[in-house]
Amino acid sequence: MSSQADIRPRVLLADDEPAITTELSQLLERAGFRVSIAGDGEEALRQAESFSPDVIVLDVLMPRLDGREALRRLRRSGNWTPVILLTRVGAAGERAMALEEGADDYLNKPFEPFELVARVRAVLRRSRLQAQPIAGADSLRCGPVRLDRRSRRLLIAGREKPVTARALALLEYMMLHSDEMLSRDRLLDAVWGWDYPAGTRAVDARVAELRRALGDRADLIETVVGEGYRFVGRVERGE
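Would you explain the side chain of Asp40 in this entry?
Residue placement: Asp40 occurs in the loop between strand E2 (34–38) and helix H3 (41–50). One polar contact links the side chain of Asp40 to the main-chain amide nitrogen of Glu42, over a distance of 3.0 Å. Discounting chain neighbours no more than four positions away, the residues touching Asp40 are Met62, Pro63, Arg64 and Leu65.

Would you mind going over the environment of Ala14 with me for this structure?
By secondary structure assignment, the location of Ala14 is in strand E1 (residues 10–14). Remark: the alpha-carbon pair of Ala14 and Met97, spanning 83 residues in sequence, is separated by 20 Å. Every residue in contact with Ala14, bar those within four places of it in the chain, is listed here: Ala38, Ala44, Val57, Leu58, Asp59 and Met62.

Looking at this model, I keep getting lost on the pattern of salt bridges. Mind explaining?
Opposite charge on two side chains permits them to pair, given that their charged atoms come into close proximity. Taken as a whole, this structure holds 25 salt bridges when the rule is applied. Between Arg64 and Asp40 there is a salt bridge whose closest N-O contact spans 3.3 Å. Highlighted residues: Arg64 in the loop between strand E3 (55–59) and helix H4 (67–76) and Asp40 in the loop between E2 and H3, separated in sequence by 24 residues. Residue Arg64 is classed as exposed on the basis of its relative accessible area, which comes to 59%. Close ionic contact of Arg186 with Glu180 constitutes a salt bridge, the shortest N to O distance being 2.7 Å.

Any chance you could explain the packing of helix H7 (residues 165–176) against helix H8 (residues 184–192) here in plain terms?
Helix-helix packing is described using two parameters, namely the angle between the two axes and the distance between the axes. Contact pair H7 / H8: the axes reach a minimum separation of 10 Å and the direction vectors enclose 120 degrees. Every pair of crossing elements has a handedness; the one defined by H7 and H8 is right-handed. Across from Arg166, Ala169, Leu170, Tyr173 and Met174 in H7, the residues of H8 making contact are Arg186, Leu187, Ala190, Val191 and Trp192. Partitioned by chemical class, the residues of the contact of H7 with H8 number eight nonpolar, no polar and two charged.

About the cut-offs
Residues numbered from 1 in each chain as written. Predicted model: local features only at pLDDT ≥ 70, side-chain atom pairs only at ≥ 80, totals over all residues. Heavy atoms only, no water. Helix = DSSP H or I, 4+ residues; strand = E, 2+ residues; numbered from the N terminus. Polar contact = N/O pair within 3.5 Å; in protein donor to acceptor, adjacent residues only side chain to side chain. Contact = heavy atoms within 4.5 Å. Salt bridge = Lys/Arg side-chain N within 4 Å of Asp/Glu carboxyl O. Buried < 20%, exposed > 50% of the residue type's maximum accessible area, 1.4 Å probe, protein only. Axes fitted to C-alpha atoms, helices over the stretch in contact; angles between N-to-C directions. Left-handed = near helix turned anticlockwise from the far one by under 90°. Nonpolar A, V, L, I, M, F, W, Y, C, P; charged D, E, K, R; others polar.

Shown next, in the form of structure tokens:
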């Protein structure tokens, strides 16, 4: 392997379905990544040490050790390599729990393979901009804006701003994916769940609620015309 190939970003892909890992690994390689494959969670943990990946993609349902437990063990050991979870469970509550446990992103199966490539690139960009990883932080901060993930409160310059639970969850997802264009469909899927009987107008309504609460900092949520929204501020750990 050439020295140029050695400096490519490394992706550890853990899934017990060979057809999936073959397709995704080839796509990621063509996209400019160096890929290593693990067939279960225990192997993924071993490779997390030996392969030193820049991003880890973990399927949730795997034999021997599932992806959620592998994620928990990584974080407990102090390994904050960005992690993207793959799952067939589309419930918003399941996703929220995974994000609180330290996942950087969450992709529901079946998905468009090119979407995974886009998510890997976005996670890499964010991790390079952050002085400290924010995925498992108890609170998120952007200037005077602070989101306490434990008490589920939004504070602006130390003063609590009451918002609905959906609006708070939406802000949390956007802050965790700062500087990334998030389509209305993706936000609806991530915050409400894929089976929630709501259209994208629900997203617009909660964005409007957040902007009212943010007041002078409403410009932190940027509208991408015809596409969705982007949180444009620098997000850091709030502890």
